[in-house]
Amino acid sequence: MTSLEATAARYVGARVPRVEDPRLLTGHGTFVDDVTRPGMLHACFVRSPFARARLGRIDATVALDLPGVRAVFAAADLNPGVHEQWYTLIGKDVPDTPRPPLAEGEARFVGDPVALVVATDRYVAEDAADLVDVDYEPLPPVVDYTTALAATELVHEAYPGNLAGALGAPMSEDLAAVFGGAAHVTSATIHQQAYAPVPMETRGMVAEWSGDELTVWSATQAPHEVRMFLARLLGIAEHQVRVIMRDTGGAFGQKVLPLREDMCIALAAMRLPAALKWIEDRRENLLAAGMSRHEHGEAQMAFDGDGRILAAHLDHVQDVGAYPTPWPVGTAMAVGLLFPGPYRVPAAGYRTTSLFSNTSGRTAYRGPWQFESVAREVLLDIAARRMGIDPVDLRRRNLLRHDELPHTNPNGMPYSDMTPIETFEQALGMLDHEAFRREQADARATGRYLGMGTCSYAEPTTSAMAFQGTEGATVRIEPSGKVNVYVAGGSTGNSLETAVVQLTADALGVDIADVRTVQGDTAVTPFGAGTGGSRSGSMLAGAVEESTTVLRERIVTIAAHQLEAAPEDIELADSSARVRGTPAVSVPLAEIADIAYFQPHRLPEGVPPGLEVSARYRARSPLIWANATHLCTCEVDPVTGAVTVLRYIVSEDCGPMINPNVVEGQIAGGSVQGIGGVLYEHLAYDEDGNPLTTTFMDYLLPTATEVPVIEYGHIETPSPGPGGYKGVGEGGAIGAPPAVINAVADALSPLGVEITRLPLTPAAVVALIEGAR
Amino acid sequence: MTVVREIDVEVRVNGAAYRCGVPPRLTLADFLRERCGLTGTHLGCEHGVCGACTVLLDGEAVRSCLVFAVQADGAEVTTVEGMAGPGDELSPVQAAFRDHHGLQCGFCTPGFVVSVTAFLRDHPDPTDEEIRQGLSGNLCRCTGYQGIIAAVRAAAGQHARRGREEPTAAHP
């Protein structure tokens, strides 16, 4: 089969400039708010100002009198239009939590959409939203999820104890016996605050019903999910819905599934004479686009006298807000399953409990299970200090080596193809750990507080579950010899266009400038699950490989016939097919295409006309494991509480890289989100359930003045997937928080500070120092 | 309900004249996007923090979400669409962003390109500290600013060279 192998990679593995960039740099991208349609109408939601209130009469009389207002919809108008409501990603057989398009009977958080105003422009729609008169009867809210189980008030009447669900079990007797007999036992209850994905582009949708077809322009990670979901929601056929996304301005999990507002816009569009546009504003995004990360856990580990882990248990409790998406109980299970991390842990258990509150619903955020790393890595540092050993040494005794894999963790996770201790040592080497410890000691002698922290994690990427288990690509060589690749897309900054073009150019031996890609239009691309779960690199590589393998075989057959050579002697390179070792004997791809389309009589026997192939890749393994070690050093000012990150090192193993720029960009972006999550970001509520952070003056994102220079180390273990690639999109946001927390804790350890609550704002750090005195 | 009186404004945007009646409350950002069809100017917060809507107003970088269109009457506005050279050649700043992976989703990018262009005009030889300060009014959620800082550093070098070689080539 050598003749069908691609020639040496020219583009894959190289720092190829992105094909997305020229349009985005010049203002010619097409984001959802850039779409206009004839007669297009604009939507604005009326949102509850109360955390919990019984909804009485909704009077739109005055609003409807405002010139330019076309309609005001309440729950009674829109909600009966729902036929089925479930996500393809999760399936319809889970005990899903409620998710009405507009609030019905009761408003359940500040920002809960209670009515939808439609007008000729957004300014008028906002004016009219203020004129909609809603009778609210305030009710006592359940704000603090940590007391929700015992609260007398209920977020949803059908859920006693505000319990959305629980999985796993408290510590078993067997496990308790291991703890009972251990030389050291460390336990700590670690609390993480609510923060959120906060893409720079908010959510948005334009929906247009033609009487036969619904066309939707959406800011989404998964256009085909939006299509299937809306078709079911509206009770129309899948192929009556066309979803288009060209550019989406970041997502990080927030745009992986259609949320309640998206349902409302589609339902309303079915009843309007023109397209309906809704562009969320930032206040709405911070009020109602979802909350993540709000959880705590009692983490426990037992060690032998040499600091070797004997057992681990996590009792995890998470806030799911009022309307979580998707069903939060199943996704929480990953926190428990992954709690043992990339360590030798002989025995473990977990329990996870999901509780409702009258706050914004829990949504996915880049590594939704990252609390497993926060709980484990923070606990390990606490344990090391209590045992009087360097946290680095404790990890060295317990981290798995590459040659110990495959290894199934005690919760059943089948680890493979990872390098935990290897990335750990690489990161320590990049830092010069011993030199840092000397520098730290010298600094302490002069009253300065430096610290270092690490996080090592094992990350399941590229899940082959159901909807995500296959991916298609259509590769079409046009009659001119130019190449188009069609894949489902869902790129929201993930550089999928560049990746697909690199892969295809190498597979067909053509110049990269001759390859373009079409993504994000359900009418023309193959079905695909979009971005999510760090799946796109591996799955798209598989899809391109499947299609180009068939196409290469056809090209080679035609070329061999033309050149009167044996097919096994033909190689594809420089946009031509040529005889290996005799490059002068060649036929340009353009000529092969001309024969395939316009001169079918010149085709060899049995070769079909045209040069277009659609094929689907089926994932070769249930998961692809990636891993990394993050290492952070910082200085803490004990007077002001300010934390300054000094060095930030990431040693990762994402397998071979399709494009190192893209890999590093994903790591950097995720890491800075994690740094922000520890030091700055907090989606905060007061005790009455009023949100306190609804602008960028209150919800603090990291800026260029706070971020460290990120240093990358790369270790390469191929995965079982195509090209050996692994996922890399989420890891940064998983690894960064524990590394930063541990660095601050290490800096403050001489003061007797132990960190178990986040975020580490200056005020919180000062309070910790004062509390330890 | 009283009908809002529209006010005539005349604005030159990227060298082209636009004259129309606008409601007094129409922001410059919406004027550019909806009346001029220049959708490169993006709205990320509408309260003047994120910087995605940055444009040059008579040469000064401003948040177009915080300026009313009527305030731009008689002014010269440059948006990201006006940054590239003739024949779609990327400006030095745009090219540096591309060379250094200074963008991912691209939503914040127009604001960065405009802000950095003004910054480098005023600080042709910035220190790293000045670069970080100069970028601190623009938010990016994808890149962790790594590629952006590298791009500005590179563009600063290129800027200086171009400045010497072709003093009139710098775009506004």
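Computed from a predicted model, the values in this text were never measured in an experiment.

*Asks:* I would appreciate a short explanation of the overall build of chain B in the present structure.
*Replies:* When helices and strands are counted, chain B shows five helices and five strands. Residue burial in chain B is summarised as follows: out of 172 residues, 55% are buried. Sequence-distant contacts in chain B: of pairs separated by 6 or more residues, those separated by 24 or more amount to 56%. Carbon together with sulfur atoms contributes 49% to the accessible area of chain B, which is approximately 7,200 Å² in total.

*Asks:* Would you take a moment to explain the overall build of chain A for this structure?
*Replies:* Counting its regular elements, chain A contains 19 helices and 28 strands. Scaling as 2.2 N^0.38, a compact globule of 773 residues should have a C-alpha radius of gyration of about 28 Å, and chain A matches this with 28 Å. The principal-axis extent of the C-alpha atoms belonging to chain A is close to 90 × 75 × 50 Å. Here chain A, with 773 residues, has 65% of them falling under the buried criterion. Counted over contacts in chain A with a minimum sequence separation of 6, partners at least 24 positions apart contribute 80%. When the accessible surface of chain A is split by element, carbon and sulfur atoms take 52% of a total near 25,700 Å². Each charge sign in chain A was given a centre, from 58 positive and 95 negative side chains, and these centres are 1 Å apart.

*Asks:* When you look at the packing of aromatic side chains in this model, what are you seeing that I'm missing?
*Replies:* In this description, a pair of aromatic rings is defined by centroid distance and the angle of the planes. Residue and element names in this part refer to chain A. Here the structure, examined in full by the defined rule, presents 11 aromatic pairs over all chains. Their ring planes at 90° and their centres at 5.4 Å tell us that Phe45 and Trp278 sit as a pair that is edge-to-face. Separated by 233 residues along the polypeptide, Phe45 in strand E1 (residues 41-47) and Trp278 in strand E12 (residues 276-279) bring together distant segments of the chain. There is no split in this pair, since Phe45 and Trp278 are both buried. For the cation-ring pair, Arg232 lies above Trp86, with the distance from its terminal atom to the ring centre recorded as 3.6 Å. A cation over an aromatic ring shows up here: Arg260 above the ring of Tyr323, its NZ or CZ 3.9 Å from the ring centre.

*Asks:* Could you clarify how one ought to interpret the side chain of Ser463 of chain A in this entry?
*Replies:* Residues and elements named next belong to chain A. The topology assignment puts Ser463 in the loop between strand E18 (449-461) and strand E19 (470-477). Owing to a relative accessible area of 16%, Ser463 belongs among the buried residues under this scheme. Within polar-contact distance, the side chain of Ser463 engages the backbone nitrogen of Met465 at 3.0 Å.

*Asks:* When you look at the sheet that holds strand E3 (residues 54-57) of chain B in this model, what are you seeing that I'm missing?
*Replies:* Whether parallel or antiparallel, the strands of a sheet pair through hydrogen bonds between backbone atoms. All names here are of chain B. Spatially, E2-E1-E5-E3-E4 is the arrangement adopted by the five strands of the open sheet, whose pairing is mixed. Looking along the sheet, the strands with just one partner apiece sit at the ends: strand E2 (16-22) and strand E4 (60-63). Here the strands of the sheet are splayed against their neighbours by 40° on average, with no regard to which way each runs. The strands touched by helix H1 (residues 28-35) within the sheet are strand E1 (7-13), E2, E3 and strand E5 (76-78), with E2 carrying the most contacts at an inclination of about 110°. Taken strand by strand, helix H3 (residues 109-122) contacts E3 and E4, and its axis lies near 45° from that of E3.

*Asks:* How should the nonpolar core be read in this particular structure?
*Replies:* In a soluble, globular protein the nonpolar side chains are often hidden away together inside. One finds Tyr648 and Phe696 of chain A together with Phe97, Leu135 and Tyr145 of chain B to be the most contacted residues of the largest nonpolar core, which totals 137 residues. With near-sequence residues (within four places) excluded, Tyr145 of chain B lies in contact with Pro702, Thr703, Ala704 and Val707 of chain A together with Phe112, Asn138, Leu139 and Cys140 of chain B. Val16, Met539, Leu551 and Ile570 of chain A belong to the second largest nonpolar core, which has 48 residues in total.

*Asks:* Can you help me understand the confidence of the model for chain B in this one?
*Replies:* The predicted coordinates should not be examined in detail at positions where pLDDT is low. Residues and elements named next belong to chain B. Summary statistics for chain B give a mean pLDDT of 91 and a share of 90% for residues scoring 70 or more. For the stretch residues 162-172, pLDDT sits under 50, and the model shows 13 contacts to residues farther than four places along the chain or on other chains. Taken together, the chains of this predicted complex give a pTM of 0.96 and an interface ipTM of 0.97.

*Asks:* Just checking my understanding: could you explain the sheet that holds strand E10 (residues 214-218) of chain A for this structure?
*Replies:* Residues and elements named next belong to chain A. In space, the seven strands of this open sheet follow the order E3-E5-E1-E12-E9-E10-E11, with mixed pairing throughout. Taken across any chain shown, the strands that pair with only one partner, and hence form the sheet edges, are strand E3 (69-74) and strand E11 (241-244). Pairs of neighbouring strands in the sheet enclose a mean axial angle of 20°, with direction left out of account. Direction of pairing for E1 relative to strand E5 (residues 113-119): antiparallel, over a ladder of six bridges. Bridge assignment links Val46 to a residue of E5, and that residue is Ala115. Packed onto the sheet, helix H4 (residues 122-131) meets E1, E3, E5 and E12 and runs at close to 25° relative to E1.

*Asks:* Can you walk me through the domain arrangement of chain B in this structure?
*Replies:* Note: interface size is frequently given as the accessible area lost on complex formation between the parts. Residues and elements named next belong to chain B. When its domains are assigned, chain B resolves into domain 1 (7-82) and domain 2 (86-165). Each partner contributes to the interface: domain 1 provides 17 residues, whereas domain 2 provides 14 residues. Between domain 1 and domain 2 the total buried area reaches about 1,100 Å² when both faces are included, carbon and sulfur atoms providing 60% of it. At the surface where domain 1 touches domain 2, the tally comes to zero salt bridges. Seen at the junction of domain 1 and domain 2, the total is five residue pairs in polar contact (both at pLDDT 80 or more).

*Asks:* Explanation requested: helix H18 (residues 731-748) of chain A in the structure shown.
*Replies:* Residues spaced three or four apart along an α-helix point in a common direction, a consequence of the helix completing one turn every 3.6 residues. The terminal C-alpha atoms of H18 of chain A, which comprises 18 residues, lie 27 Å apart, in line with the 26 Å expected from a rise of 1.5 Å per residue. Among the 18 residues that make up H18 of chain A, 18 are buried, leaving the element largely enclosed by the rest of the structure.

*Asks:* It is not clear to me how the interface of chain B and chain A should be interpreted in this structure. Could you clarify?
*Replies:* Across the boundary between the two partners, chain B contributes 45 residues, which contact 57 residues of chain A. Both faces considered, chain B and chain A share a buried interface measuring about 4,100 Å² in area, 60% of it formed by carbon and sulfur atoms. Counting the contacts that link chain B with chain A gives four salt bridges. Here chain B and chain A share 22 residue pairs in polar contact (both at pLDDT 80 or more) between them. Among the secondary structure elements, those contributing two or more residues to the side of chain B that touches chain A are H1, helix H2 (92-99), H3, helix H4 (128-135) and helix H5 (146-165) of chain B. Residue classes in the side of chain B that touches chain A are distributed as 21 nonpolar, 16 polar and eight charged.

*Asks:* How should I be thinking about a negative patch on the surface in this particular structure?
*Replies:* Together, Glu6, Asp8, Glu10 and Asp73 of chain B line one region of the surface with negative charge. On the secondary structure map, Glu6 of chain B appears in the segment before E1.

*Asks:* It is not clear to me how H3 of chain B should be interpreted in this structure. Could you clarify?
*Replies:* All names here are of chain B. Taking 1.5 Å of rise per residue, the 14 residues of H3 would be expected to cover 20 Å, and the 20 Å separating its terminal C-alpha atoms lies within 8% of that figure. Among the 14 residues of H3, 12 are classified as buried, and the element is accordingly described as predominantly covered. Those residues of H3 not exposed but buried are Thr109, Pro110, Gly111, Phe112, Val113, Val114, Ser115, Val116, Thr117, Ala118, Phe119 and Leu120.

*Asks:* How should the pairing of strand E27 (residues 643-653) of chain A be read in this particular structure?
*Replies:* Residues and elements named next belong to chain A. Of all 11 residues making up E27, eight are buried, and the element is well covered by its neighbours. Linkage of strand E26 (residues 624-636) to E27, two consecutive antiparallel strands, is achieved through a turn of six residues, within which Gly641 is found at a positive phi near 80°. As paired elements, E27 and strand E28 (residues 710-714) share five bridges and run parallel to each other. Within E28, the position partnered with Tyr648 by the bridge is Ile710. After leaving E27, the chain enters helix H17 (residues 660-679) and then returns to the sheet as E28, a path that is right-handed.

*Asks:* Please clarify how the pattern of salt bridges should be interpreted in this entry.
*Replies:* Pairing between side chains of opposite charge can happen when the charged atoms of each approach one another. All names here are of chain A. Scanning the entire structure with this criterion turns up 54 salt bridges over all chains. Note that Arg344 is salt-bridged to Glu404, the shortest N-O span being 2.6 Å. Of this pair, Arg344 sits in the loop between helix H9 (328-338) and strand E15 (347-356) while Glu404 sits in the loop between helix H11 (391-398) and strand E16 (407-408), and the two are 60 residues apart along the sequence. With a relative accessible area of 26%, Arg344 lands in the partly exposed category. In this structure Glu404 comes out as partly exposed when scored by relative accessible area, which is 23%.

Each value, and the rule that gives it
- Sequence positions are assigned chain by chain, starting from 1 and proceeding in written order.
- Ligands are numbered from 1 and chains lettered from A, in the order in which they are written.
- Per-residue local features are limited, in this predicted model, to residues with pLDDT of at least 70; the limit for side-chain atom pairs, both in listing and counting, is 80 or more; totals at the level of whole chains, interfaces and linings are taken over all residues.
- The basis for every side-chain value is the complete set of non-hydrogen atoms in the structure, without hydrogens or water.
- Secondary structure elements follow DSSP: runs of H or I of four or more residues count as helices, runs of E of two or more count as strands, with numbering from the N terminus.
- Burial here depends on accessible area, computed with a 1.4 Å probe over protein chains only, as a share of the maximum for the residue type. Under 20% is buried, over 50% is exposed, and the range in between is partly exposed.
- Residue contacts are defined here by distance: any two heavy atoms, one from each residue, within 4.5 Å place the two residues in contact.
- To measure how exposed things are, a 1.4 Å probe is used in the Shrake-Rupley method; for residues, cover is taken only from the protein chains shown.
- Here the globule rule is a power law, 2.2 Å times the number of residues to the power 0.38, and the radius of gyration is based on C-alpha atoms.
- His is not counted, nor are the chain ends, whereas Lys and Arg count as positive and Asp and Glu as negative.
- Just so you know, the charge point we use is NZ for Lys, CZ for Arg, CG for Asp and CD for Glu.
- Any pair of Phe, Tyr and Trp rings, taking the six-membered ring for Trp, is counted once the centres come within 6.5 Å. Such a pair is stacked with planes under 30 degrees apart, edge-to-face with planes over 60 apart, and tilted for the rest.
- Only when the NZ of Lys or the CZ of Arg is both within 6 Å of the ring centre and within 35 degrees of the ring normal is a charge said to sit over the ring.
- Any pair of N or O atoms that falls within 3.5 Å is considered a polar contact. Within protein, one atom must be able to donate a hydrogen and the other to accept it, and sequence-neighbouring residues count only if both atoms are side-chain atoms.
- When DSSP finds at least two bridges between two strands, those strands are taken to pair.
- In this analysis, axes come from line fits to C-alpha atoms, helices being fitted only over the stretch in contact, and the angle between any two N-to-C directions falls in the range 0 to 180 degrees.
- By convention a nonpolar core is built from buried Ala, Val, Leu, Ile, Met, Phe, Trp, Tyr and Cys residues, the set being connected through side-chain atoms within 4.5 Å.
- The quantity known as pLDDT measures the predictor's confidence residue by residue, on a range of 0 to 100.
- Domain boundaries shown here were taken from an automatic or database domain assignment.
- By definition, the buried area sums, over both parts, the 1.4 Å-probe accessible area that each loses when the two are put together.
- Salt bridges, as used here, are contacts in which a Lys or Arg side-chain nitrogen is within 4 Å of a carboxyl oxygen on Asp or Glu.
- The span you would expect from a helix comes to 1.5 Å times its residue count less one.
- In this classification, Asp, Glu, Lys and Arg are treated as charged, Ala, Val, Leu, Ile, Met, Phe, Trp, Tyr, Cys and Pro as nonpolar, and every other residue, Gly included, as polar.
- Patches draw on residues past 30% relative accessible area with no salt bridge. Two like charges within 9 Å are joined, as are two nonpolar side chains (Val, Leu, Ile, Met, Phe, Trp, Tyr) within 5 Å.
- When the strands point away from the viewer, a crossover counts as right-handed if the path from the first strand over the helix to the second runs clockwise.

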